[in-house]
Amino acid sequence: MKRRAFIGGNWKMNGSSQTLLELTREISAQLNDAIEADIAVFPSYVYLETVRSAMGNLLKLGAQNVSEHEKGAYTGEISAGMLVDIGCQYVLVGHSERRHLYHETPALVAEKFERALANNLKPVLCVGETKEEREKGRTESVILAQLQPVIDKTGIDSLRRAVLAYEPVWAIGTGLSATPLQAQSVHQFIRRQIAELDQSIAETLRIVYGGSVKPDNAKDLFAQADIDGGLVGGASLKAKDFAAICSSALV
Ligand code: PGA
């Protein structure tokens, strides 16, 4: 079964109001209806409104993080309700930079996932192993340890409203993408795990690949049976490259 692709541009802590406005306009101008994908960009919080005001109707908006709390005395935090209020449809949860640099635990990621869904914000749940974990043959167990707390907390059904991103940490920002076959084998593993719990969710769940996706490797990655698009960092900051990656979803 062919699933509709999802492609996300994770802009991380980059850009200014001027450059992101231009980037948004340029990307929007290069997209067209023929691209069969949901395409979302994830600017930093402070530019969400700027980007929203400039994006055409083919782009969707997402945030890079969200509080696990609904509201209240949490200085510096941003709630899921606020993100929806200003037009976000998606939010990244469990990105490896949050897990590793900001010590977000699997339990906290599960709370954020739950909070997003409770506010009708679609979580893009990121999972992936480090180089060391891969070398020790622990890729699958690491991914399960990241996935299981989310399923335990919110139930398998919650995955109907989410996107999964497999992002091997060693491939993020390194220029060293996983090969299409390496990525496919992990995607297949994840889908099989989900299928053991619910076959129909496994068939419809979009599992996208992230980690040095570029215009020249996107097509081969997206052509794999269990890869349903990509989460793109560096290359999403160049309109031409990001548009080319999105066009690879045409296959
Ligand atoms: P990259 O980042 O494309 O620059 O490797 C991907 C990500 O962090 O989502």
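Residues numbered from 1 in each chain as written. Predicted model: local features only at pLDDT ≥ 70, side-chain atom pairs only at ≥ 80, totals over all residues. Heavy atoms only, no water.

J.: Report on the pairing of strand E4 (residues 90–93), specifying residues and quantitative values.
T.: Burial of E4 is two-sided: the residues Tyr-90 and Leu-92 facing one way and the residues Val-91 and Val-93 facing the other way are all buried. A crossover links strand E3 (residues 59–63) with its parallel partner E4, the connecting element being helix H3 (residues 80–85), and its sense is right-handed. Sheet topology places E4 next to strand E5 (residues 122–127); 4 bridges connect them, and they run parallel. Bridge assignment links Val-93 to a residue of E5, and that residue is Leu-125. (Buried < 20%, exposed > 50% of the residue type's maximum accessible area, 1.4 Å probe, protein only. Helix = DSSP H or I, 4+ residues; strand = E, 2+ residues; numbered from the N terminus. Right-handed = clockwise from strand over helix to strand, strands pointing away. Pairing = 2+ DSSP bridges.)

J.: Talk me through the side chain of Ser-248; I want residue IDs and the actual numbers.
T.: The topology assignment puts Ser-248 in the segment after helix H11 (239–247). Judged by its relative accessible area of 7%, Ser-248 is buried. Here the side chain of Ser-248 touches Ala-244 through a polar contact of 3.1 Å, landing on its backbone oxygen. Aside from chain neighbours lying at most four places away, what touches Ser-248 is Ala-218, Lys-219 and Phe-222. (Polar contact = N/O pair within 3.5 Å; in protein donor to acceptor, adjacent residues only side chain to side chain. Contact = heavy atoms within 4.5 Å.)

J.: Let's hear about H11: which residues, and what values?
T.: Owing to its 3.6 residues per turn, the α-helix brings residues three or four apart onto one side. Where H11 is concerned, the buried positions are Ala-239, Phe-242, Ala-243, Ile-245 and Cys-246. All buried residues of H11 lie within an arc of 160° about the axis, which places them on one face of the element. Buried-residue contacts for H11 involve strand E1 (5–10), helix H1 (17–30), strand E2 (37–42), helix H10 (215–222) and strand E8 (229–232). (Arc of directions from axis to C-beta.)

J.: An account of the pattern of salt bridges is needed here, citing residue identities and associated values.
T.: Following the criterion strictly, the structure yields 18 salt bridges and no others. Two residues, Asp-226 and Arg-3, come together in a salt bridge whose shortest N-O distance is 4.0 Å. A residue pair is termed long-range when its members are at least 10 positions apart, and Asp-226 in the loop between H10 and E8 and Arg-3 in the segment before E1 qualify at 223 residues. Asp-226 gets classed as buried once you look at its relative accessible area, which sits at 10%. Overall, the relative accessible area of 10% leaves Arg-3 in the buried class. Residue Glu-114 is joined to Lys-153 by a salt bridge in which the shortest nitrogen-to-oxygen separation is 3.5 Å. Placement of Glu-114 in helix H5 (residues 106–118) and of Lys-153 in helix H7 (residues 139–154) is noted, with a sequence separation of 39 residues between them. For Glu-114, a relative accessible area of 34% puts it in the partly exposed group. Residues joined by salt bridges that share partners form a network here, namely Arg-3, Arg-191, Asp-226 and Asp-228. (Salt bridge = Lys/Arg side-chain N within 4 Å of Asp/Glu carboxyl O.)

Any functional reading would require information beyond the geometric quantities listed.
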